[in-house]
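# Reading the structure
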Amino acid sequence: MDGGDRIARVLTRHGVRFLFTLCGGHISPILVAAKRRGIRVVDVRDEASAVFAADSVARLTGIPGVAAVTAGPGLTNTITAVKNAQLAQSPVVILGGATGTILKGRGSLQDIDQLALVEPHVKWAGTSSRVRDLEPALEKAMFIAAEGVPGPVFLECPVDLLYPEEIVRKLYLDMGGKGQSLSSRALSSYLGWHVNRLFRGAGKPRAAELGIPEPAGPRPFEIRRALRRLGLARRPVLMVGSQALVRAERAADVAKAVARLEIPTYLSGMARGLLGRGHRLQMRHKRRVALKEADLVILAGVPFDFRLDYGRQISSKAKVISANLSEEGLKKNRDPDLGVCCNAGRFLEALATEAPRSVDRSEWLGRLRERDLAREQDIAERATEPTGHINPLALCREIDTHLDSNSVLVADGGDFVATASYSVSPRGPLSWLDPGVFGTLGVGGGFALGAKLCRPGAEVWIIYGDGSAAYSIAEFDTYVRHELPVIAVVGNDASWAQIAREQIEILEDDVGTVLRRSDYHVVAEGFGGKGLLLDSPDKIAPTLAAAKAEAARGRPVLINALLGKSDFRKGSISM
């Protein structure tokens, strides 16, 4: 077995089904061995997309996603995606190629200090110096990625540990030359010693499998304290975030727990869609007002960051219960009245099992529901306003009517995507993918790739802004080559609208915010997909229907929707 096969063996043991990559000589043995062991190797057009795809798989399956990238620029191209995974708390394993162990620091091709580069952005970074180290190092990486607060890890795999021993020995023999001088013989002797060290002990029994650790649950006394506070509350609000779903296989159980609690609920991040479409407990609008009126706020995997105005959205008089895997996440910016350091999903399940059923909160629910319905009516009316081209609200509302029950939505953009979040309803648990707290543009191509592989029978939609589309539109080539028929909708308003709207008003200049109404549908055609131009409001429904039909026939499709200007989200910029 060469080193590549040893790595593939560990991935297979952990149930890894997909390996995302952009090829390079440093990592070729890993790719070949993975394919030989039945792992589907999916090659992309940008290394960032490989990590985004691995991130998507991790979120949808609960098993760490894996990407293999070549040395130097192959790794540097991933840094934004790695940082996004770190802040989104996604368990991702990055396998990085590297120069031969004997050549580090000597100016070989693509040789940089990769550990120094990546360490600030991962939970753990390590390298191997002998073939026998590869398997235990990868076992450790898989474990750490999923342990505690999930996150990305990096394992550097020097090239001379990956190729078959006879090839590596010949390489070192050629490097030593055949001179008879004392220095030549000394070099040959040293190289022989070095290669012997690389392979010494490689035949020992394989490393023990560490498995995926079970996240911590709440302690009984913490549940009792939470129940006492809940029993006294008359106006409680529950907020559920992505962290509540780190164990993807428990998503349905978490949804049942939320329903049993009978508390008005706001969902964010990966928790969007948790309760399905139109559930009577789910509130979508006027969250800030509800939090100010609430006497108890339960945060399940939601930190006090900018999305909650650093905790100031919640009334100072309200009691706060926070469940979070991270000690830092529990207390950043505001101390909760009860902080429970545990898996937020398990906390909700335990709480729902014992929660009192006798408290009547129908008046509170009715008040919030009335506000929600009023906002929905306002959105419906604003969707009819003329905008010069297509009203973005009208398009998003029509997309919502065309979604299948098993659709997965990938959000990649600013203004258009945020507009969609008001009017497009994810259909079920784990059916909404957005970048998370980092707000990264460019996740769309990779996220959709991972989602379609995990859910081959589902419709996978990318909601793109025209600015964000340019980051990953080249992955249409990947979709075509790997026969993955995703549907992309580009909201094309020829602008970085989320920035432009406030910049122009405050600074009276549109510099840097103006784009072209580019022919993104033609770009998709050039990569082998199907492109559709949507340039008139009366074409919205038939164009969406045509896109669905094209995807059903197995071809990826992109709709280039020419949007008019809208001030629907005026004043919503975050900094």
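Below or above, wherever it landed, is the structure these notes cover. Model, not experiment: these values are computed from the prediction.

So, how was this worked out
- Numbers given for residues are sequential positions, taken from 1 along each chain in its written order.
- Restriction of local features to residues with pLDDT of at least 70 applies here, the model being predicted, together with a cutoff of 80 or more for giving and counting side-chain atom pairs; totals for whole chains, interfaces and linings are based on all residues.
- Side-chain metrics rest on all non-hydrogen atoms present in the structure, leaving aside hydrogens and water.
- Two strands form a pair only when DSSP identifies at least two bridges running between them.
- Secondary structure elements follow DSSP: runs of H or I no shorter than four residues count as helices, runs of E no shorter than two count as strands, and numbering proceeds from the N terminus.
- Only the contacting stretch of a helix is used when fitting its axis, a line to C-alpha atoms as for every element, and angles between N-to-C directions run 0 to 180 degrees.
- It only takes one pair of heavy atoms within 4.5 Å for two residues to be counted as in contact.
- For cavity detection a 1 Å grid was placed over the protein atoms alone, and a set of points counts as a cavity when a 1.4 Å probe fits there but cannot get out; an open set counts as a pocket when protein lies on both sides within 12 Å along at least five of seven lines, with lining residues being those that have an atom within 4 Å of a point.
- Grid points are joined across faces, edges and corners, and a volume is the space filled by probe spheres set on the points.
- Charged residues are taken to be Asp, Glu, Lys and Arg, nonpolar residues to be Ala, Val, Leu, Ile, Met, Phe, Trp, Tyr, Cys and Pro, and polar residues to be all remaining types, Gly included.
- The buried label applies to any residue whose accessible area, calculated with a 1.4 Å probe on protein chains only, is under 20% of its type's maximum; exposed applies above 50%, and partly exposed to all values in between.

Read across the open sheet, the six strands follow the order S2-S1-S3-S4-S6-S5; overall the sheet is parallel. In the strand order of this sheet, the two ends are held by strand S2 (40-43) and strand S5 (124-127), each with one partner. Averaged over all pairs of adjacent strands, the angle between their axes in this sheet comes to 20 degrees, without regard to strand direction. The pairing of strand S1 (residues 18-22) with S2 spans four bridges and is classified as parallel. Opposite Phe18, over in S2, you have Arg40 as the bridge partner. Packing against the sheet, helix H18 (residues 444-454) makes contact with S1 and S2, and its axis sits at approximately 150 degrees to S1.

Right, let's get into unusual backbone geometry. In this model, Gln110 sits at a positive phi of 60 degrees, which is unusual for a non-glycine residue. With respect to the helices, strands and loops of the structure, Gln110 is situated in the loop between strand S4 (92-98) and helix H6 (114-118).

Moving on: the sheet that holds strand S9 (residues 296-300). The five strands are arranged S8-S7-S9-S10-S11 in an open sheet whose pairing can be described as parallel. Both edges of this open sheet fall to strand S8 (265-267) and strand S11 (338-341), since each of them pairs with a single strand only. Along the sheet, successive strands turn relative to each other by an average axial angle of 10 degrees, direction set aside. Alignment of strand S7 (residues 236-240) against S9, held across five bridges, turns out to be parallel. For Leu238, the partnering residue across the bridge sits in S9 and is Ile298.

This part covers the environment of Pro429. Assignment of secondary structure puts Pro429 in the loop between helix H17 (415-423) and strand S13 (432-433). Distance from Pro429 to Ala251, taken between C-alpha atoms, is 6.3 Å for residues 178 residues apart in sequence. Ignoring anything within four residues of it in the chain, the contact list for Pro429 reads Ala251, Gly273, Leu274 and Arg455.

Over the atoms a probe the size of a water molecule is rolled, and this reveals where empty space is left. Approximately 230 Å³ is the volume attributed to the second largest pocket. Lining the second largest pocket are 18 residues, with Asp493, Ser495, Ala497, Ala500 and Lys565 positioned closest to its centre. Top contributing element to the lining of the second largest pocket by residue count: helix H21 (residues 497-507), with four residues. Along the lines of polarity and charge, the residues of the lining of the second largest pocket split into eight nonpolar, five polar and five charged.

Along the chain, Ala500 falls in helix H21. According to the relative accessible area criterion, Ala500 is buried, its value standing at 6%. For the pair Ala500 and Val511, spaced 11 residues apart in sequence, the C-alpha separation works out to 8.5 Å. In contact with Ala500, other than residues within four places in its own chain, are Ser495 and Thr513.

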